[in-house]
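If you want the building blocks of each chain, they are given just below.
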Amino acid sequence: MPKDHGIGASSKRREDVRFLTGKGVYTDDLALHGEVHAVMVRSTVAHGSIKAVGTARAAGMPGVLAVFTGEDFAAVGGNPAGWLINSRDGTPMREPKRPVLAHGKVRHVGDAYAAVVAETYEQARDAAQAVSDDSEITELPAIVDMAAAVANPGNRVHDEIPDNLCFDWGWIEDNRAAVDAAIKAAPHVTTLELVNNRLVPNAMEPRASIGEYFPGTGDYKLTTTSQNPHLTRLLIAAFVMGIPENKLQVVAPDVGGGFGSKIYHYGEEAVVLAAAKKLARPVRWTAERSESFLSDAHGRDHVTKIELACEKDGTFIAFRTETLANVGAYLSNFSTATPTFLHGTLMAGPYKVPNVYVNVKTVFTNTAPVDAYRGAGRPEATFSLERVVDKMCRELGLDPFEVRRKNLITKDMFPYTTPVGLAYDTGDYQATLDKAIAMADVAGFEARRAASAAKGKLRGMGLSTWIEACGIAPSHLVGVLGSRVGLYDAATVRVNATGSISVMTGAHSHGQGHETVFAQIVADKLGIPESSVEIVHGDTAKIPFGMGSYGSRSLAVCGVAMAKAVDKIIAKGKKIAAHMLEAAEGDITFEDGKFAVAGTDKAKTFGEIAFSAYVPHNYPLETLEPGLEETSFYDPANFTYPAGAYLCEVEVDAETGKVDIAAFRCADDFGNIMNPMIVEGQVHGGVGQGIGQALLENTHYDENGQLLTGSFMDYAMPRADDVPFYNVDYSCQTPCTHNPLGVKGCGEAGAIGSPPAVVNAVIDALHRGGHSHVTHIDMPVSPSRVWSAING
Amino acid sequence: MTKVSMTVNGKPVSGVVEGRTLLSAFLREGLGLTGTHIGCDTSQCGACVVHVDGRAVKSCSIFAQEAAGATVTTIEGMANADGSLGAIQQAFQDHHGLQCGFCTPGMVMSSAALLAENPKPSEAEVRHYLEGNICRCTGYHNIVKAVMAASGQDVSAVAAE
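The rules behind each value
Residues numbered from 1 in each chain as written. Chains lettered and ligands numbered in written order. Predicted model: local features only at pLDDT ≥ 70, side-chain atom pairs only at ≥ 80, totals over all residues. Heavy atoms only, no water. 1 Å grid on protein atoms, 1.4 Å probe; cavity = no way out; pocket = protein on both sides within 12 Å on 5 of 7 lines; lining within 4 Å. Points joined across faces, edges and corners; volume = space filled by probe spheres on them. Helix = DSSP H or I, 4+ residues; strand = E, 2+ residues; numbered from the N terminus. Nonpolar A, V, L, I, M, F, W, Y, C, P; charged D, E, K, R; others polar. Pairing = 2+ DSSP bridges. Axes fitted to C-alpha atoms, helices over the stretch in contact; angles between N-to-C directions. Contact = heavy atoms within 4.5 Å. Buried area = accessible area lost by both parts, 1.4 Å probe. Salt bridge = Lys/Arg side-chain N within 4 Å of Asp/Glu carboxyl O. Polar contact = N/O pair within 3.5 Å; in protein donor to acceptor, adjacent residues only side chain to side chain. Core = buried A, V, L, I, M, F, W, Y, C linked by side-chain atoms within 4.5 Å. Buried < 20%, exposed > 50% of the residue type's maximum accessible area, 1.4 Å probe, protein only.

**Describing empty space enclosed by the protein**
Vacant regions in the atomic arrangement are exposed by a probe of water-molecule size rolled over the atoms.
All names here are of chain A.
Point 1. Using the criterion set out here, one finds 11 cavities of 30 Å³ or more in the structure.
Point 2. In this structure, the largest cavity encloses a volume near 680 Å³.
Point 3. Contributing to the lining of the largest cavity are 46 residues, with Gln512, Ser552, Ser554, Gln682 and Gly747 lying nearest its centre.
Point 4. For the lining of the largest cavity, the secondary-structure elements that each account for two or more residues are helix 14 (514-526), helix 15 (554-580) and helix 17 (676-696).
Point 5. The residue makeup of the lining of the largest cavity, split by class, is 23 nonpolar, 18 polar and 5 charged.

Here you go:
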């Protein structure tokens with residue numbers, strides 16, 4: 001029987017009720033007394049020298065209260081990159097200042113160089129248009145193509161960076177010579193050049209921020225669409241504005257999706273705070289979708305050459321990659337970690353490949369910043385690996401299932417240290433592969449293919465066996481790798497006097513369902529109803545600290561911090577029980593919500609202990625403090641390593657090139673499962689995004705740096721009729737060995753494992769249909785690309 | 001500026017609007033009904049779908065004045081009289097048809113319009129009807145399942161292994 005409550009139950013989400021009745025409160029839903037409106041003035045050219053910002057006319061327009069330019073923020077700090085990456089020669093990365101508002105130059109279409117604040121939105125918008133019309137910006141040649149950016153040192157995104165390179169990174173540099181030699185000597189080498197297409201995250205809620213300033217106390221409040229309000233506060237306080245942290249409250253209320261794009265601090269947040277102080281009125285800014293396309297951090301955008309050296313029987317010998325990774329015009333907060341330590345370290349995949357070398361050159365261009373987007377580096381690594389493995393199988397006439405099975409790390413090999421620096425703690429990759437094959441009825445494929453053929457369609461099947469590193473991060477490890485901050489997390493569990501519980505977590509839920517799942521865990525551990533537990537998130541004034549939700553870390557890091565705080569509550573409760581029951585602390589047991597003296601019928605309920613903790617008369621104060629509230633800071637010992645096998649079946653219409661997903665099967669190992677319903681939902685969403693990347697989505701800048709895919713009319717988001725029902729299985733569970741919940745994280749898996757499964761299936765369909773000259777099609781595998789590949 | 005009156009969620013309401021004021025803006029800012037969401041500026045996303053005289057309408061695509069005299073229902077008007085979730089809302093919760101909740105009001109309103117037209121839609125019909133509502137979180141699986149369940153169909157076999 002499935003559980004009906006606690007850990008492992010598919011508890012229905014409590015947050016759904018407010019979302020389903022229109023009572024959610026997202027940033028733009030707030031209406032504040034006396035509020036005014038900010039509108040950004042954004043560059044219409046990709047690259048330009050700012051000669052003059054025309055503020056005079058705008059300042060006199062109706063309702064206009066203030067006009068800000070880059071000059072107003074020139075003295076304050078820049079928005080920093082969180083990770084310092086060194087080049088192969090040991091030199092540190094180039095880190096140009098990222099100003100609040102562009103100053104001197106604009107560097108991408110949509111780069112904000114001024115902001116207007118007015119009584120109404122319409123007035124602010126009219127005045128912003130006037131600033132745009134009156135400003136003098138001399139257009140410079142746009143740097144769009146990465147290879148050209150590196151090859152043309154005279155044309156610079158940042159004047160001080162001659163080759164537009166942020167860094168030239170090798171991982172691991174000591175592997176380089178051995179990998180080169182192995183590839184030279186190998187019986188077979190498969191080479192594949194591919195593009196990991198640039199994506200716009202497109203959380204359905206556009207970014208929005210409201211700044212408030214309270215002159216009486218000097219306090220600031222920022223309400224913003226953030227996945228991690230504490231990080232935003234830290235960046236604003238320590239780097240960008242110098243506001244003391246105890247004078248700045250950052251609140252992220254209901255947030256309508258993030259997918260990475262709302263991890264980062266953006267300049268608009270500083271603008272609304274500065275404007276609120278200047279005007280002593282709440283200042284609100286909400287992005288239009290067009291602004292989101294232009295100014296949210298984008299994802300992916302790698303150009304990679306991968307080589308796979310192997311024996312003639314498909315046994316892997318080495319992988320070598322060379323990647324150009326676009327960071328856009330400025331370094332967004334995680335932009336330097338994404339193509340390096342979230343990508344290069346995963347380049348061994350789930351395979352026992354003896355050696356790997358990864359080279360990544362990260363390039364500035366006149367495009368929007370690029371940063372972590374669902375999966376963040378790991379989809380890029382997985383796509384390169386899983387595509388080149390399939391290509392090798394075709395070249396050598398080998399079975400892609402058997403080649404993977406032969407090369408997968410086996411379960412007796414854990415812990416397994418890869419040649420790219422990670423130590424996988426546990427897994428069973430054969431099990432997930434076997435499960436996927438069973439789910440997909442691989443034996444019945446030929447009959448399905450014949451049925452498709454009878455309809456005039458080509459059917460193909462594509463496999464991807466993937467691994468990721470989640471639960472970022474063990475602070476000591478990320479410190480060695482270049483992170484400027486440790487990435488532990490924190491939680492406070494407050495037992496109120498009447499027994500209800502408030503949990504303050506550093507995680508932020510923007511769709512993941514923490515309010516439900518975290519309550520399940522606490523309730524399960526304490527033997528109390530889930531309804532007694534309230535999860536508080538997204539407010540720096542209420543929560544001790546936290547690094548927020550990204551990198552599938554909410555449960556594996558923040559959730560574990562919470563579980564450890566609950567353990568402290570139980571320990572404190574035992575002390576209280578020992579006092580109340582006049583027993584030795586060591587004799588107190590805790591089970592099913594009761595503290596009891598072992599071997600007796602003497603017991604106190606959890607509620608009795610809670611009440612006693614707050615209204616005691618006779619505590620021995622030197623050994624027992626009143627109160628029942630505990631905080632835990634948790635720093636994991638390692639990443640977690642979810643893994644799985646995905647199998648996609650497609651039907652291709654060779655006449656039109658259109659690809660339909662006929663079936664999609666996921667066999668995942670996420671370790672222990674806290675709420676199966678939510679885990680399945682996370683996988684569905686990730687696979688939907690992965691299918692979007694594989695078949696539909698592309699971000700296209702023209703040669704002048706104009707974004708041609710700047711709205712939902714031009715950028716193909718997956719719709720309900722683009723995707724099938726997915727089959728998701730999570731029964732292969734190897735619990736994480738180094739966190740007490742045994743959890744690994746499930747938020748990004750779908751987006752990591754699915755794109756190569758889709759593309760492999762398309763190539764398979766074309767081969768089976770007689771178009772064996774097609775060895776690769778870049779994503780998105782659109783009808784025109786498929787048709788051109790068939791007929792090219 | 002013009003005075004406009006209509007019935008919203010069963011109550012007569014009125015307000016003063018500019019000619020250019022969209023129905024979505026009137027609902028959110030004029031009436032404080034912020035359950036209707038704005039997810040785009042090109043009428044693609046569907047987060048702002050409401051019912052106008054029984055028809056599903058993207059409220060960002062008509063002016064408030066065009067709804068003068070009309071009967072409008074928003075997500076705030078979809079619960080049962082006792083405040084409990086309506087059948088479609090309940091199906092969305094039961095089948096985890098929402099994550100971040102931002103597209104959800106539009107999804108529920110479109111789904112209600114679909115079921116009013118077509119009480120037992122097939123999977124393909126649901127998917128086709130919801131084309132104008134974009135969700136980034138769910139991959140649509142549980143939304144489609146929820147709509148079919150709300151129509152009384154047995155969805156226990158959907159993608160079961």
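**Some words on the sheet that holds strand 22 (residues 588-591) of chain A**
All names here are of chain A.
Point 1. With antiparallel pairing, 3 strands are arranged side by side in an open sheet as 22-23-24. Every interior strand has two partners, whereas the edge strands, strand 22 and strand 24 (603-605), have only one. Averaged over all pairs of adjacent strands, the angle between their axes in this sheet comes to 20 degrees, without regard to strand direction.
Point 2. Sheet topology note: the strand 22/strand 23 (residues 594-597) ladder contains 4 bridges and is antiparallel. Considered in strand 23, the bridge of Ile588 is made with Val597.
Point 3. Against the sheet, helix 16 (residues 606-614) touches strand 22, strand 23 and strand 24, its axis set at about 80 degrees to strand 24.

**Some thoughts on the interface of chain A and chain B**
Point 1. At the interface, 53 residues of chain A touch 51 residues of chain B.
Point 2. Here chain A and chain B share an interface that buries about 4,400 Å² over both sides, 57% of which is from carbon and sulfur atoms.
Point 3. It is A:Leu20, A:Met204 and A:Phe725 in chain A that bury the most area against chain B; as a group they hold 20% of the surface buried on that side.
Point 4. At the boundary of chain A and chain B, one finds 4 salt bridges.
Point 5. We note a salt bridge from B:Arg136 to A:Glu697, for which the minimum N-O separation is 2.8 Å.
Point 6. Linking chain A with chain B are 25 residue pairs in polar contact (both at pLDDT 80 or more), by the criterion used here.

**Considering the nonpolar core**
Point 1. Counting residues in each nonpolar core, the largest one holds 203 residues, and the members touching the most others are A:Trp83, A:Tyr424, A:Phe664 and B:Phe92.
Point 2. Looking at which element gives the most residues to this core, the answer is helix 18 (residues 749-768) of chain A, with 10 residues.
Point 3. Excluding its chain neighbours within four sequence positions, the residues that come into contact with A:Tyr424 are A:Leu346, A:Gly349, A:Ile409, A:Phe414, A:Pro415, A:Tyr416, A:Thr418, A:Tyr429, A:Ile467 and A:Tyr641.
Point 4. In this structure, A:Ile501, A:Ala507, A:Met674 and A:Val743 belong to the second largest nonpolar core, which totals 48 residues.

**Some points on unusual backbone geometry**
Point 1. The omega torsion across A:Phe414 and A:Pro415 is -5 degrees, close enough to zero to call that bond cis.
Point 2. Looking at the secondary structure, you find A:Pro415 in the loop between helix 10 (400-407) and strand 16 (416-417).
Point 3. Of note, the bond from A:Met779 into A:Pro780 is cis; its omega dihedral lies within 30 degrees of zero at -5 degrees.
Point 4. By the secondary structure assignment, A:Pro780 is in the loop between helix 18 and helix 19 (783-791).
Point 5. You will see that A:Asp301, though not glycine, has its phi angle at about 70 degrees, which is positive.
Point 6. Position of A:Asp301 relative to the elements: it lies in the loop between helix 8 (289-295) and strand 13 (302-310).
Point 7. Accessibility expressed as a relative area gives 12% for A:Asp301, which makes it buried.
Point 8. Positive phi values are uncommon outside glycine, yet B:Asp53 reaches one of about 50 degrees.

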